[in-house]
Each structure stands twice: as C-alpha cells, then as structure tokens.
Amino acid sequence: MNSSTVSATAASPRAPYGILIAMSAIGPLAMNMFVPSMPGLQTTFNVSSGVVQMTLTVYLAGLAVCQLIYGPLSDRYGRRPLLLVGMAMFVAASIACALATSIEMLIVARGFQAVGGAAGMILSRAIVRDLFSREQSASVLGYITMAWVLAPMVAPIVGGTLDQWFSFRAGFWLLACVGSLVFLAVYARLRETNLSLQQDASIIRTTLYVTLLKNKAFRGYAATVTYGSAVFFCYLAVAPFIMVTVRGYSPIDYGTWFMCSAMGYMGGNFASGRYSTRLGNDRMIRIGNLLTLAGALLLLGFALAGFTHPATLFLPMALCAFGNGLTIPNGLTAAISVDPKNIGSGAGLTGFMQVALGAFVSQGVGYFQATWIHIGFWVMAIMALLAALAHRSNQRQ
C-alpha cells in the first residue's frame, strides 16, 4: 500500500458523504424530473414522440461521451476542479432549458445539462474509490446510492406537479437552484482526494481504454453493469408512454407510481451497503442479475397477457430495480478496481458504456413503441438476460 492510499484511508472516516450524495444525484435528478413532461411536449412544440424522445436520448448521450473525458482529466488535474466546472455548466444549461423557445434549443441545452451533471455522477465514484478499498467501496457506494435515490424517487412527482400547475420550464428553474447549491457546497467543503495526480495523462486515453477492454475481467464486469443499466433506461422510455399516452393517466400519477421502482432500487442499495463486504462483489452481482431478469420477465408476461393496472407495470420494475441496486455498485467497483492506478479512467469508460447503450435502447424503443407497444418489454428482458450471461461468462474465465 503506497503513501497516498494510506492517507486516503486515514481520511475516509471524514469522507464528505453529504456532498457525494448531492453531486451524484444531480444528474439523475435532472433526468427523472423532466420525464413526466415529455408526453406534453408533443403539443407544446407540435412535434412527434420520436423528436421529444431526443430530449432524453441527447441527455443520455451527453452523460456517456463526457465520462470518457472527465475520468482522465480528473486523474491528471484532480477531482475538485472538474466538479466545479461541471456544476457551473449544469446551472447555465438548466437556465437555457427553462428559456428554450423551440424543441431544438431544448435538445441542445439538455445535452449541455448532461455534460455538467455527469461530473458529479462519475467523479463521486472515483472519490469513493480514492478513499476506500475495493470491498468497502461497494458498500459505501451502496449506502450513498440508497440515500441519493430519494431525490430521483421524488423528482417525477415534483416534475409532474410543476408541469401540471405551471409548465415544464418550472422544473428547470428548480434544477438551476439546486445546482447552484451543490456548486457552493463543493467549492466550500470538498477537498481534493486524488493524491497521485498523473501529469502525463492525456484527455482521451484511447490506448488505456483499449487495454481495459482487452482485459477479460474489466470487460465482463463493465458489460454486466451496462446491460443491467439498460433495463432501467429502457424503462424510462416505456413507462411514461404506457402510463400517460396509452392508458391516459396524468403525469402526477406516473410520478407517484414511479416511487415503487425507486424504492426497489433504494432497497437494493441498502442491501449492497450491508452485505457487499460480507458476501463479496461477485455473489451480490449474481443475485442482482437473477432478480432483475425475474422482474423483466414478469413485466413482459403481464404486458402480453393484457394486464393494464399500473401495479403490473411498476411492481415488477421494483424487482428489477432492487436487482440493479445489488448489481451496479458491486459491478462498478469491481470494474474500476481492475486498474487501481487509473480509477478515474476506468470509471469513465464504464460509465460511457453504461449510458451509451442506455441512450441507444431508449431512443430505439421511443421511436418504435408507437407502432409496437410491447417492444420495450422485450428489450428489457433481453438486456436483463445479457447482463446475467455476461457475469456468468466472466466467472468462467
């Protein structure tokens, strides 16, 4: 163990949990608060559902691409400066979203909002790994995720209420205020945790990324996280369309039922925090994948059987979310621990894979579901199966 690891471990009891929760929640908060407003944008801007879906797809694409940059930059310049830049961009982009006069302007602003919000998501993982060992990191990430998932859980209700009482713009003004508070907290309270800066690290570490992808262990863990996360991202495209457009429920109804899946994810994160150190990453991933697959198959079965009650949509997803709550913290920790000298870059590449596939499947489902209502349920089941197979293959190596 080198001196920097000793220092980081010594500092871990004073880890800035509150700031880590807030800065990692800002990206998911912005994504989930806006979702209930998406069906109404078709009328507001007189565009198709596929065009409206771009506001989510571009957001996810922004989250994906910039993670390849934040990781290496934070390895070179530190976590704190990148966080400050990201939070400032998030605030400015949220204001631009609130002032958007066309769907094109909203889509572009959402992309910049994602770039800013991704700083907190990706760098919070790197900071946790800076401060804790591999097994401890999975436990800490589980507890942190359990805490910050409360914000995305409430976000659809808040977003739906603001949309119904005012307009979709009100949610973005609220996000600008929240982002400003996070920026001030990072500036005032967060110390630098990367004690081994790599002055020669390039912005896009293509060679390192190729090396990581050639590593069977990294590839297996990253694939498990990627496919498992795709189940949730696909759900974000399916649920509002089914609830609001097809079944005629209000955005507030969607936000209320969404709490079921958020509670499931929080429960899985709690279990990760409590049992990851005891059971180990791989066992937790295996259990999580099986639960996610079971929930996805239930969703598909209920849809094909013609059940229309919201419980048949959201309760199976709660089981999927619980499984993701077990798989994702442990899978991420295992993936970025493959190369302890390049934690930020490993986290960035894993995050890119995770969100890039999510953007692809959510846009694809959003485009085709108007003519094939059940496509999203099929895709979710396939993604859950691939996640389980990826980890099983990894364990056989």
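Residues numbered from 1 in each chain as written. Predicted model: local features only at pLDDT ≥ 70, side-chain atom pairs only at ≥ 80, totals over all residues. Heavy atoms only, no water.

S.K.: Please explain the overall build of the protein as it appears in this structure.
M.R.: Secondary structure assignment for the protein yields 16 helices and 0 strands. For the protein, with 397 residues in total, the buried portion stands at 58%. Considering only intrachain contacts with a sequence separation of at least 6, the fraction spanning at least 24 residues in the protein is 87%. (Helix = DSSP H or I, 4+ residues; strand = E, 2+ residues; numbered from the N terminus. Buried < 20%, exposed > 50% of the residue type's maximum accessible area, 1.4 Å probe, protein only. Contact = heavy atoms within 4.5 Å.)

S.K.: Explanation requested: the nonpolar core in the structure shown.
M.R.: If you look at soluble globular proteins, the nonpolar side chains tend to sit buried side by side. The biggest cluster of nonpolar side chains holds 90 residues, and the ones touching the most others in it are L106 and Y254. Aside from chain neighbours lying at most four places away, what touches Y254 is V35, P36, P156, L236, A239, P240, M243, V244 and F314. Counting 12 residues, the second largest nonpolar core, distinct from the first, contains Y209, L212, A222 and A334. (Core = buried A, V, L, I, M, F, W, Y, C linked by side-chain atoms within 4.5 Å.)

S.K.: Quick question: what am I supposed to make of the confidence of the model for the protein here?
M.R.: Detailed conclusions should not be drawn from predicted coordinates in areas where pLDDT is low. The predicted model of the protein has a mean per-residue pLDDT of 79, with 85% of residues at 70 or higher. Across residues 1-13 the pLDDT falls below 50, and counting only partners more than four positions away or on other chains, this stretch makes 12 contacts in the model. (pLDDT = per-residue confidence, 0-100.)

S.K.: Can you help me understand the environment of G376 in this one?
M.R.: Inspection of the secondary structure assignment puts G376 in helix 16 (residues 375-395). Setting aside anything within four residues of it in sequence, one finds G376 in contact with C234, V238 and V365.

S.K.: I keep staring at the packing of helix 13 (residues 281-305) against helix 14 (residues 311-336) and nothing clicks. Help me out?
M.R.: The description of two packed helices rests on the angle between their axes and on the distance between the axes. Two elements in contact, helix 13 and helix 14, have axes whose closest approach is 7 Å; the angle formed by their N-to-C orientations is 155°. As judged from the angle between their axes, helix 13 and helix 14 are roughly antiparallel. In this structure, the crossing between helix 13 and helix 14 has a hand that is left-handed. Residues that form the contact of helix 13 with helix 14 fall into these classes: 17 nonpolar, 11 polar and no charged. (Axes fitted to C-alpha atoms, helices over the stretch in contact; angles between N-to-C directions. Parallel < 35°, antiparallel > 145°, perpendicular 65-115°, else oblique. Left-handed = near helix turned anticlockwise from the far one by under 90°. Nonpolar A, V, L, I, M, F, W, Y, C, P; charged D, E, K, R; others polar.)

S.K.: Would you take a moment to explain helix 14 for this structure?
M.R.: Residues spaced three or four apart along an α-helix point in a common direction, a consequence of the helix completing one turn every 3.6 residues. For helix 14, built from 26 residues, the straight-helix expectation of 38 Å at 1.5 Å per residue is met to within 8% by its first-to-last C-alpha distance of 37 Å. The axis of helix 14 is deflected most strongly, by about 25°, at N324. Along helix 14, 23 of the 26 residues are buried, which leaves the element largely enclosed by surrounding structure. (Expected span 1.5 Å × (residues − 1). Bend = angle between axes of the 7 residues up to and from the residue.)

S.K.: Quick question: what am I supposed to make of the environment of P240 here?
M.R.: Structurally, P240 can be placed in helix 11 (residues 216-246). Since its relative accessible area comes to 5%, P240 is described here as buried. Linking P240 and D253, residues 13 residues apart in sequence, is a C-alpha distance of 9.9 Å.

S.K.: Just checking my understanding: could you explain a nonpolar patch on the surface for this structure?
M.R.: Together, I95, L99, M105 and W173 line one region of the surface with nonpolar side chains, adding up to about 350 Å² of accessible area. Tracing the chain through its elements places M105 in helix 6 (residues 103-131). (Patch = residues over 30% accessible without salt bridge, like charges linked within 9 Å, V, L, I, M, F, W, Y side chains within 5 Å. Areas by Shrake-Rupley, 256 points an atom, 1.4 Å probe, with all protein chains shown as cover. Salt bridge = Lys/Arg side-chain N within 4 Å of Asp/Glu carboxyl O.)

S.K.: Whenever I open this one, the packing of aromatic side chains confuses me. Can you help?
M.R.: The geometry of an aromatic ring pair is captured by the separation of the ring centres together with the interplanar angle, meaning the angle of the planes. Tallied over the full model, the rule gives 5 aromatic pairs. Ring centres of F232 and Y235 lie 6.2 Å apart, and the angle between their planes is 40°; on these two criteria the pair is classed as tilted. Of this pair, F232 and Y235 both sit in helix 11, separated by 3 residues, roughly a single helical turn. Y235 gets classed as buried once you look at its relative accessible area, which sits at 1%. Measuring from ring centre to ring centre gives 6.0 Å for W257 and F314, while their planes differ by 25°; the resulting arrangement is stacked. You can see W257 sitting in helix 12 (residues 251-279) and its partner F314 sitting in helix 14, a full 57 residues away along the chain. Overall, the relative accessible area of 25% leaves W257 in the partly exposed class. On the basis of relative accessibility, which here comes to 0%, the residue F314 falls in the buried class. Here the aromatic residues F232, F233, Y235, W257 and F314 are joined through ring pairs into a cluster of three or more. (Phe/Tyr/Trp six-rings, centres within 6.5 Å; stacked < 30°, edge-to-face > 60°.)

S.K.: Honestly, helix 9 (residues 168-189) in this entry has me stumped. Any pointers?
M.R.: Between the first and last C-alpha of helix 9 there are 32 Å, a value that for 22 residues agrees with the 32 Å anticipated at 1.5 Å per step. Of the positions making up helix 9, those classed as buried are F168, A170, G171, F172, L175, A176, G179, V182 and V186.

S.K.: Sorry, what's going on with the packing of helix 2 (residues 17-34) against helix 9 here?
M.R.: Two elements in contact, helix 2 and helix 9, have axes separated by 10 Å at closest approach and are oriented at 165°. Taken together, helix 2 and helix 9 sit at an angle that is classed as roughly antiparallel. Where helix 2 crosses over helix 9, the handedness of that crossing is left-handed. Contacts between helix 2 and helix 9 involve I19, A22, M23, I26, L29, A30, M33 and F34 on the former and, on the latter, F168, G171, F172, L174, L175, V178, G179, V182, A185, V186 and R189. Class assignment of the residues belonging to the contact of helix 2 with helix 9 gives a composition of 16 nonpolar, 2 polar and 1 charged.

S.K.: Could you clarify how one ought to interpret the environment of N215 in this entry?
M.R.: The residue N215 is located in the loop between helix 10 (206-214) and helix 11 in this model. Along the primary structure N215 and V338 are separated by 123 residues, whereas in three dimensions their C-alpha atoms are 8.4 Å apart.

S.K.: Just to check I follow, could you spell out the side chain of S229 for this structure?
M.R.: Inspection of the secondary structure assignment puts S229 in helix 11. Apart from the residues within four sequence positions on either side, S229 is in contact with N324, I328 and Q354.

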